[in-house]
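Below, each chain spelled out in residue letters.
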Amino acid sequence: MGNKILLKAFCLWALTCFLLPASSNGLVRIGLKKRHMDLQTIKAARIARQEGKAGVGASSMVHDLGSSGGDIIPLKNYLDSQYLGEIGIGSPPQNFTVIFDTGSSNLWVPSSKCYFSIACYFHSKYKSSWSSTYTKNGNFCEIHYGSGSISGFFSQDNVQVGDLVVKDQVFVEATKEGSLSFILGKFDGILGLGFQEISVGNVVPLWYNMVQQDLLDDEVFSFWLNRNPEAKEGGELVLGGVDPKHFKGKHTFVPVTKKGYWEITMGDFLIGSHSTGLCEGGCAAIVDSGTSLLAGPTPIITEINHAIGAEGRVSAECKEVVSHYGDLIWELIISGVKPSKVCSQLGLCLFNGTSGIESVVEKEHKEKSSAGNDLPCTACQMLVIWAQNQLREKETKETAISYLDKLCESLPSPMGGSSIDCNSISTMPDITFTIGDKPFSLTPEQYILKTGEGVAQVCVSGFMALDVPPPRGPLWILGDVFMGVYHTIFDYGNLEVGFAEAA
C-alpha cells in the first residue's frame, strides 16, 4: 500500500515537472538568430560610421546623455549587428526582433505613431490600443547613437522575454528613427542590458525589473554566440544562469570597474608575441554584445593593420610629423622626457597637467573643434607610442623611424572594417588580450569577417579605431568578435564579468 502511494506521488511530481515551463527553475533561454554578413551591409555600415563621426573630434568622443547622468560612446550603428532575438510587448504580446545590447540600458521599439520616418515602415510597430495592460506615460525621450538618433515617448506595458513576463516595464515608443542603420537593419528595436546609470530618463532597465520581481533564481545572464557560419542556431542568451554546454573549462572573472557599461580593466595587448605597451598599466574595456567589431586606440589598430596587411589611409600629416619630428621624438624619449610631455615640448600639443595632452588647435577653438584639427597632435602621440615599442625591441633609430613611416600608411579608415587579402589569413598573427592576468587570444580566422564564396569572397578586419582621451580613455570595446570566441557571463549580483572558451 505504502509503495503504491509513493509511486503515485512520484508520478504526480514527474508530471508536474514536465508541464511546468522552462523558466520555472529560474533559467530562461532566448534563442538568438544569426544574420549572415553581406557586402552591401558592410559598405552601408561603413557609411553609417562615417556619417556618425563627421565633425566629431577626439575631445567630443564621449557624449553626455542628458538626464541619464552617464556617458555613451558613439560607436554603435547596429547595422552590422548579427545576433537578434524576439520579445513580446503588451497583452496579448506583440512580437519584435531586438538586439540584446549590454552597451545600452533602454528598451525601445517603433511606435504605430511613427508617421514620418521611413525606417518605421520597414519594421513591426507597437500599437498601444491593442494591449489591455498598457499604461500611458507620454514623456518625451531622445537617444543618441554614433550614426543618428531615435526619439519618441515613454510608455508602460508588460514585456515577455522567453517564458518570463516583466510587468509594468517603461520603454520607448520611437516616433522618429533618423539613421541609415535603422532603415536597413534587420531588427525592430534595442533591448539594453546595461546599468541604470546610463539609462536615458533614468528608466529602470528591464533586467533590473526581472530581478526585483523575483523572476530569476540568480542575478546572472550569459551569452553564447555561435561563430559557426554553417550552423542553424545563432546562439543563446541565458537569463538567470549559465548553460555548461556553452563553454569549456572555468571562467576568469574580473570586477566591473565602473557601473554604466559593463566596464572592466584590461592589461597588456599583444600582436603575435610582441607587446604594444599601451595597456601595460591597464586600459578600460567595455564588454558590448551590441557591437560586432573590436574597437581600440588608433595607434594599436594601426599596428594591427600593418601586421595583417589591411588597407589603410595614408596620412600626409602623420608622414610629415615623422619627417620633421621623428629624430626629436626619438631623442626626447631616450633623454628621459615623460612620453606624455614629448609632443607638448615639440609644440604640437599642450600638456594641461590633468587629463594629459590637449591639441593646440583644440585649446584655441574648443567650441569649434572638428575631426581634422588635431591631426598633428594625434600623429605625434601615436609616434611616441610606436617609438617606445621600438626602443623596447632594441631597434636602431634609423630602423625605428623607417618603421614609423610605414605605419603611417596603415592608419585605419575612420569608417572601420579595412579590407584584407583572404589568401593571406594563414600568415597573420594571433591577437592577444590580457584580462585578469590571463591571455585571451584570437586567431586570424576568428578576427577576420568573411562574406561571399569563391572569387566573390570578401574579407574584412574585425578591428576598428576608437579614440577616447584621458581620463576616460584609452578605451577598448570587446564586441561580438571577442564574445563569439569566449563565452561571457554578466554577474549583476557580484558586479563582475567572466570569460571562458566557448564550446
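What counts as what
The residue numbers shown here count from 1 along each chain, following its written sequence. Side-chain atom pairs in this predicted model are given and counted only at pLDDT of 80 or more, local residue features only at pLDDT of at least 70, and totals for whole chains, interfaces and linings cover all residues. With hydrogens and water stripped out, all remaining heavy atoms of the structure feed into the side-chain values. The criterion is simple. A nonpolar core is a set of buried Ala, Val, Leu, Ile, Met, Phe, Trp, Tyr and Cys residues joined through side-chain atoms within 4.5 Å. Throughout this description, buried means an accessible area under 20% of the type-specific maximum (1.4 Å probe, protein chains only), exposed means over 50%, and partly exposed covers the range between. Pairing between two strands is assigned when DSSP locates at least 2 bridges connecting them. Helix and strand assignments come from DSSP, with helices taken as H or I runs of at least 4 residues and strands as E runs of at least 2, each series counted from the N terminus. A patch is a set of surface residues, each over 30% in relative accessible area and not in a salt bridge, joined within 9 Å for like charges and within 5 Å for the nonpolar side chains Val, Leu, Ile, Met, Phe, Trp and Tyr. Exposure was quantified through the Shrake-Rupley algorithm and a 1.4 Å probe, taking into account, for residues, occlusion by the shown protein chains and nothing else. In what follows, salt bridge is the name for a side-chain nitrogen of Lys or Arg lying within 4 Å of a carboxyl oxygen of Asp or Glu. UniProt positions are given in the numbering used here, feature names are shortened, and annotations may be inferred rather than shown by experiment. Any pair of N or O atoms that falls within 3.5 Å is considered a polar contact. Within protein, one atom must be able to donate a hydrogen and the other to accept it, and sequence-neighbouring residues count only if both atoms are side-chain atoms. Pairs of residues are marked as contacts when any of their non-hydrogen atoms sit within 4.5 Å. What counts as an axis is a line fitted to C-alpha atoms, over the stretch in contact for a helix, and the angles between N-to-C directions run from 0 to 180 degrees. Two aromatic rings from Phe, Tyr or Trp, using only the six-membered ring of Trp, form a pair when their centres are within 6.5 Å; if the ring planes differ by under 30 degrees the pair is stacked, by over 60 it is edge-to-face, and anything between is tilted. Geometrically, a lysine NZ or arginine CZ counts as sitting over a ring once it is within 6 Å of the ring centre and also within 35 degrees of the ring normal.

Trainee: Quick one: what's the story with the nonpolar core, residue by residue and with numbers?
Mentor: Ranked by size, the top nonpolar core spans 84 residues in total, and within it Phe433 and Trp476 carry the most contacts. In this structure, Val321, Met382, Val384 and Trp386 belong to the second largest nonpolar core, which totals 28 residues.

Trainee: Give a description of the sheet that holds strand 25 (residues 458–461) that names residues and reports values.
Mentor: Taken together, the three strands give an open sheet; going across it, the order is 21-25-24, and neighbouring strands pair in antiparallel fashion. Every interior strand has two partners, whereas the edge strands, strand 21 (419–420) and strand 24 (448–451), have only one. Where strand 21 and strand 25 come together, two bridges link them in antiparallel fashion. Following the sheet pairing, Ser419 is matched in strand 25 by Val460.

Trainee: Account for a nonpolar patch on the surface, naming residues and giving values.
Mentor: Together, Tyr115, Phe116, Ile118, Tyr121 and Phe122 line one region of the surface with nonpolar side chains, adding up to about 690 Å² of accessible area. Examined against the element boundaries, Phe116 turns out to sit in the loop between strand 6 (107–110) and strand 7 (135–145). When its relative accessible area of 79% is taken as the criterion, Phe116 is described as exposed.

Trainee: Kindly report on the UniProt feature "active site" (unreviewed entry) in the protein chain, identifying the contributing residues and their values.
Mentor: Following the UniProt record, one finds the feature "active site" (unreviewed entry) at Asp101 and Asp288. The greatest C-alpha distance among the annotated residues, which extend across 188 residues, is 6.8 Å, indicating that they converge on a single site. Secondary-structure assignment places Asp101 in strand 5 (residues 94–101). With relative accessibility at 0%, the residue Asp101 sits in the buried group. In terms of polar contacts, Asp101 uses its side chain to reach the backbone amide nitrogen of Gly103, at 2.8 Å. Checked against the element boundaries, Asp288 lands in the loop between strand 17 (283–287) and strand 18 (294–296).

Trainee: Describe the pattern of salt bridges, with residues and values.
Mentor: Under the criterion given, the structure shown has nine salt bridges. Between Asp405 and Lys319 there is a salt bridge, with the nearest N and O atoms lying 3.0 Å from each other. Of this pair, Asp405 sits in helix 10 (residues 397–407) while Lys319 sits in helix 6 (residues 316–334), and the two are 86 residues apart along the sequence. Lys319 sits in the partly exposed class, given a relative accessible area of 22%. Salt bridges here are not isolated pairs; linked through shared partners, they connect Arg29, Glu236 and Asp243.

Trainee: Now, about the sheet that holds strand 15 (residues 269–271): what can you tell me, with residues and values included?
Mentor: Taken in spatial order, the four strands line up as 16-15-22-23 in an open sheet, and their pairing is antiparallel. A strand with exactly one partner marks an edge of an open sheet, and here the two such strands are strand 16 (274–275) and strand 23 (438–442). When strand 15 meets strand 16, the two strands line up antiparallel, connected through two bridges. In the strand pairing of strand 16, Ile271 is matched with His274. Contacting strand 15 and strand 22 (431–435), helix 5 (residues 298–308) crosses the sheet at an angle of about 20° to strand 15.

Trainee: I'd like a description of helix 5, backed by residues and values.
Mentor: By the criterion of burial, helix 5 is predominantly enclosed, with nine of the 11 residues buried. Looking at the residues trailing helix 5, positive phi occurs at Gly309, about 75°.

Trainee: Which residues make up the packing of aromatic side chains, and what values go with them?
Mentor: Aromatic ring pairs are described here by two measures, namely the spacing of the ring centres and the angle between the planes. One pass over the full model with this rule turns up 23 aromatic pairs. A ring pair is formed by Tyr115 and Phe116, whose centres lie 6.3 Å apart and whose planes are at 75°; its orientation type is edge-to-face. Of the residues examined, Tyr115 reaches a relative accessible area of 49% and is grouped as partly exposed. Put simply, the rings of Phe195, Trp207, Tyr208, Phe221, Phe223, Trp262, Phe490 and Tyr492 pair up and form one aromatic cluster. Here the guanidinium or amino end of Lys127 rests over the ring plane of Trp130, the centre of that ring lying 4.7 Å away.

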